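A closer look at the structure
If you want the building blocks of each chain, they are given just below.
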Amino acid sequence: MKTLIGLGIPAVLLILSIIAIWFVETRLIALFGIRRTILFRCLFAGIYIAGLAGLILADKSTSPFVGSLYWLGGVSWIALVYLAIAFVISGLIASVSFISASWANGTALFSVIILTCWGVYSARDFVVTTTQLSVPKISNSLTIMHISDVHIGYHRGRDYLQKIVDETNRNSPDLVIINGDLLDSKVALGKSVLEPLKNFTAPVYFTGGNHEKYVDQARSEELIASMGVHILRNEIVNIRGVQLVGLRYMKADENTLDLHPSDEKETIKSTLGGLDVDHFKASIFIHHSPMGIEYMAEKGADLVLSGHTHAGQVFPGTLLSPFFFNFNSGLKYFESTQVFVSQGAGTYLTPMRSGSRNEINLVRLVPRK
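Now for a description of the structure that goes with this document. Note that the structure is a prediction, hence the values are computed from the model and not measured. Here the residue numbering is sequential within each chain, running from 1 through the sequence in written order. Two thresholds apply to this predicted model, a pLDDT of at least 70 for residue-level local features and 80 or more for giving and counting side-chain atom pairs, whereas whole-chain, interface and lining totals are computed over all residues. Based on all heavy atoms of the structure, the side-chain values leave hydrogens and waters out of the count.

Observations concerning the overall build of the protein chain
- The helix and strand tally for the protein chain stands at 10 helices and 12 strands.
- Only C-alpha atoms enter the radius of gyration; for comparison, a globular chain is expected to reach 2.2 Å times N to the power 0.38, where N is the number of residues. Taken against the 2.2 N^0.38 rule, which gives 21 Å for 369 residues, the C-alpha radius of gyration of the protein chain at 22 Å falls within 12% of a compact globule.
- Referenced to the eigenvectors of the C-alpha coordinate spread, the extents of the protein chain come out at roughly 75 × 45 × 40 Å.
- Each residue's exposure class comes from its accessible area (1.4 Å probe, protein chains only) as a fraction of the maximum for that residue type: buried when under 20%, exposed when over 50%, partly exposed otherwise. Taken over 369 residues, the protein chain has a buried fraction of 52%.
- By the convention used here, residues are in contact when the closest approach between their heavy atoms is within 4.5 Å. Sequence separation of at least 24 residues holds for 72% of the intrachain contacts in the protein chain that already meet a minimum separation of 6.
- Residue-level accessible areas treat just the shown protein chains as cover; the underlying method is Shrake-Rupley with a 1.4 Å probe. Looking at the protein chain as shown, the accessible area adds up to about 17100 Å², and 62% of this sits on carbon and sulfur atoms. Going along the chain from the N terminus, every DSSP run of H or I of four or more residues is numbered as a helix, and every run of E of two or more is numbered as a strand.

Some words on the nonpolar core
- Counting residues in hydrophobic clusters, the biggest one holds 31 residues, and the most contacted among them are Ile147, Ile178, Leu182, Leu194 and Leu197.
- Looking at this core, the elements with two or more residues in it are strand 2 (142-147), helix 5 (158-171), strand 3 (175-179), strand 4 (204-207), helix 7 (217-225) and strand 12 (359-367).
- Broken down by element, this core gets its largest block of residues, four residues, from helix 5.
- Not counting residues up to four positions away in its chain, the partners in contact with Ile147 are Ile164, Thr168, Val176, Ile177, Ile178, Asn179, Phe200 and Ile360. Side-chain atoms within 4.5 Å link the members of a nonpolar core, which is a set of buried Ala, Val, Leu, Ile, Met, Phe, Trp, Tyr and Cys residues.

A word on the sheet that holds strand 4
- When DSSP locates at least two bridges between a pair of strands, those strands are taken to pair. One open sheet holds the six strands; their spatial order is 1-12-2-3-4-5, and the pairing between them is mixed. Edge positions in the sheet fall to strand 1 (127-135) and strand 5 (230-231), since each has one partner strand and no second.
- The pairing of strand 2 with strand 12 spans five bridges and is antiparallel. Pairing of Leu142 across the sheet is with Leu365, part of strand 12.

Here we look at the packing of helix 3 (residues 64-95) against helix 4 (residues 101-122)
- Fitted lines through C-alpha atoms serve as axes, helices being fitted only where they are in contact, and the angles separating the N-to-C directions of these axes extend from 0 to 180 degrees. Where helix 3 meets helix 4, the axes come as close as 8 Å, and the angle between the chain directions of the two elements is 150 degrees. At the point where helix 3 passes helix 4, the crossing takes the right-handed sense. When helix 3 is examined against helix 4, the residues Trp71, Val75, Ala79, Tyr82, Leu83, Ala86, Phe87, Ser90, Gly91 and Ala94 are found in contact with a partner set consisting of Ala101, Ala104, Asn105, Ala108, Leu109, Val112, Leu115, Thr116 and Val120.
- We call Asp, Glu, Lys and Arg charged. Ala, Val, Leu, Ile, Met, Phe, Trp, Tyr, Cys and Pro are nonpolar, and the rest, Gly among them, are polar. Here the residues of the contact of helix 3 with helix 4 sort into 15 nonpolar, four polar and no charged. A crossing counts as left-handed when the near helix is turned anticlockwise from the far one by less than a right angle, and as right-handed when that turn is clockwise.

Notes on the sheet that holds strand 10 (residues 330-334)
- The six strands are arranged 6-7-8-9-11-10 in an open sheet whose pairing can be described as mixed. Each of the sheet's edge strands pairs with one partner strand only, and the pair in question is strand 6 (235-239) and strand 10. When strand polarity is set aside, the average angle formed by the axes of neighbouring strands in this sheet is 25 degrees.
- Judged from the five bridges that link them, strand 6 and strand 7 (residues 242-246) form a sheet pairing that is antiparallel. Looking across to strand 7, one finds that Asn238 is bridged to Gln243.

Topic: the pattern of salt bridges
- Every case where a carboxyl oxygen of Asp or Glu lies within 4 Å of a side-chain nitrogen of Lys or Arg is listed as a salt bridge. What the rule picks out here adds up to 11 salt bridges.
- Here Arg219 and Glu222 are joined by a salt bridge, their closest N and O atoms 3.7 Å apart. Taken together, the positions of Arg219 and Glu222, both in helix 7 and three residues apart, correspond to about one turn of that helix.
- Taking the relative accessible area as the measure of exposure, Arg219 reaches 32% and is therefore partly exposed.

Some details on the packing of helix 2 (residues 37-57) against helix 3
- Interhelical geometry of helix 2 versus helix 3 gives an angle of 120 degrees and a closest axis separation of 7 Å. Taken as axis vectors, helix 2 and helix 3 run oblique relative to one another. The handedness of the crossing between helix 2 and helix 3 comes out as left-handed. Taken together, the residues of helix 3 that come into contact with helix 2 (itself represented by Phe44, Ile47, Tyr48, Ala50, Gly51, Leu52, Gly54, Leu55 and Leu57) are Val66, Leu69, Tyr70, Leu72, Gly73, Gly74, Ser76, Trp77 and Leu80.
- Here the residues of the contact of helix 2 with helix 3 sort into 13 nonpolar, five polar and no charged. Relative orientations are named as follows: roughly parallel for angles under 35 degrees, roughly antiparallel for angles over 145 degrees, roughly perpendicular for angles from 65 to 115 degrees, and oblique for any other angle.

Re the packing of aromatic side chains
- The aromatic pairing rule takes the rings of Phe, Tyr and Trp, using the six-membered ring of Trp, and pairs them if the centres are within 6.5 Å, calling planes under 30 degrees apart stacked, those over 60 edge-to-face and the rest tilted. For the structure on display, the rule yields six aromatic pairs.
- With 5.7 Å between their ring centres and 80 degrees between their planes, Phe126 and Tyr160 make a pair best called edge-to-face. Residue Phe126 is found in the loop between helix 4 and strand 1, and its partner Tyr160 is found in helix 5; the two are separated by 34 residues along the sequence.
- For Phe126, a relative accessible area of 10% gives the class buried.
- Through pairs of rings, three or more aromatic residues link up here, namely Phe40, Phe44, Tyr48 and Trp77.
- Geometrically, a lysine NZ or arginine CZ counts as sitting over a ring once it is within 6 Å of the ring centre and also within 35 degrees of the ring normal. Against the face of Tyr121 rests Arg124, its NZ or CZ located 3.9 Å from the ring centre.
- Across from the ring centre of Tyr160, 4.7 Å away, lies the NZ or CZ of Arg156, which sits over that ring.

Here we look at the side chain of Thr116
- With respect to the secondary-structure elements, Thr116 resides in helix 4.
- Of the residues examined, Thr116 reaches a relative accessible area of 9% and is grouped as buried.
- In protein, a polar contact requires one atom able to donate a hydrogen and another able to accept it; more generally it is a pair of N or O atoms within 3.5 Å, and residues adjacent in sequence count only if both atoms are side-chain atoms. A distance of 2.8 Å separates the side chain of Thr116 from the backbone oxygen of Val112, its partner in a polar contact.
- With sequence-adjacent residues up to four places away left out, Thr116 is seen in contact with Val75, Ala79, Tyr82 and Met352.

What is shown is where atoms sit, not what they do.
If you want it as structure tokens, here you go:
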């Protein structure tokens, strides 16, 4: 079943992409009265093929050219989705009203250009959200800056990371948790890129995500650790009266469907069986993806911190993401366990946000009365 889904989803996406490219080309040819239709179709499709190559190669590349293709691919493919939707709507409007097809399609094209530019503009920065949670078994308040999915690489680099560090220090947390996908490509493995990590004023803990695995997990963790960051690899750390249970990126179990499955044999279910969690102390479980929550709850988790979902990042992904992730964004509950999922501090594939936002999360834990 998993193999069928793994092959079926890419096949369906490929077919839909071909149809969308042909459909959008046809509408643009009619709108602008293009005569050399074969040449135009080849050039238009070529943009998407080049962009797709950039999206595929970016993880392992340090080439500026591949970086340009990655940016082109991310923007153009989302714009294609918007154009296909907009042209369908404009066609329906033109068919049931006095508005001409050319005027309706021209308006649709202009709207997509504005929406795409706004998406890129919206992803240029981040906000700091504040969430207060009451937690049992703690006697003193604890403030955590939770940072996930920065995706340092071709979309954003050292300056963006330094801005996150500066904003974190301004909020004076007791500790910082970086919850996976700090890196997006091998470009980030240049030592100077991650040097801002040295500037945090609070203790920093890191758990890996799927993108560290894609880039080079061993090298990524070695470099991050060299910046004074504590790497948590399926272990428990006691700090300021709470237990941090840091888990490496892995599947929930052998049966649960995961859109980004780890190739490791270990699972959250099997790993937690070997960890000795003190049920008389408050416990914060940290795993990049909000999967396996039921196993963490069984182990006595008071709070789970995750990221990974980006809350869908861009429309229409923002509508679809909740169907794939039971814990998609924000604060939710599983029995007595509180689950907080960040929308992420950065972007993946496309340097755009629409219907979501870049964020880092100030989480204030207070004793439960």
